[in-house]
Amino acid sequence: MVMQLHLETLDRRQFVVGAGAAAAIFALFRSIPASAEKPQDFDATFKSIVGDAETGDSGVEIKLPEIAENGNTVPFSIAVESAMSKDDYVKAVHLLSTGNPQPMIATFHFTPLSGTADVSGRMRLAKTQEIVAVAELSNGKFLVGKQMVKVTIGGCGG
């Protein structure tokens, strides 16, 4: 038994209609903004973490340069005073910026097995702004530490 394959070719009109439909669909999806692209508000992000809970302003140590010559790589370290015991430990540290388009920079999670609640790394800052670290404790309380960073452009002040 021999099977025959029948191929149908598109004429110009069918091709143009199909290409136009594909372009229209592509344009439609490009016009819908992704939620990650929308700038968010610092206050709304802070409230989504803390809610209506009261915050303390001691116990969180943030180390940042006072002047960052390159906003693309700003070193940071955060340490939170905690016993890190089974009943009293830091659950998470949220790193926020007041001047970036996306205020949430990072969230670091801890357990009592972590031993200490400290973290370091590098972040990107768009301009001179305040950096806020929110420590979420196992007892439901929150501690907040803040520090201002002046971001210069090429070391020329900004």
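Here's what I pulled together on the structure shown here. (Residues numbered from 1 in each chain as written. Predicted model: local features only at pLDDT ≥ 70, side-chain atom pairs only at ≥ 80, totals over all residues. Heavy atoms only, no water.)

### A look at the packing of aromatic side chains
Scanning the model with the defined rule gives two aromatic pairs in all. For the pair F76 and F108, a centre-to-centre distance of 6.3 Å together with 45° between the ring planes defines the contact as tilted. Note that F76 is positioned in strand 4 (residues 74-80) and F108 in strand 6 (residues 104-109), a separation of 32 residues in sequence. A relative accessible area of 7% means that F76 is categorised as buried. (Phe/Tyr/Trp six-rings, centres within 6.5 Å; stacked < 30°, edge-to-face > 60°. Helix = DSSP H or I, 4+ residues; strand = E, 2+ residues; numbered from the N terminus. Buried < 20%, exposed > 50% of the residue type's maximum accessible area, 1.4 Å probe, protein only.)

### What about helix 2 (residues 42-50)?
All of the buried residues along helix 2 are F42, T45, I49 and V50. Taken around the axis of helix 2, the buried residues stretch over an arc of 120°, which confines them to a single face. Seen from the open side of helix 2, the exposed residues pointing more than 90 degrees away from its buried face are D43 and S48. Along its buried surface, helix 2 packs onto strand 1 (55-56), strand 5 (90-97), strand 6, strand 8 (129-137) and strand 9 (142-151). Taken from the residues just after helix 2, G51 is the one with a positive phi, measuring 70°. (Arc of directions from axis to C-beta. Contact = heavy atoms within 4.5 Å.)

These results come straight from atomic positions and should not be treated as a statement about function.
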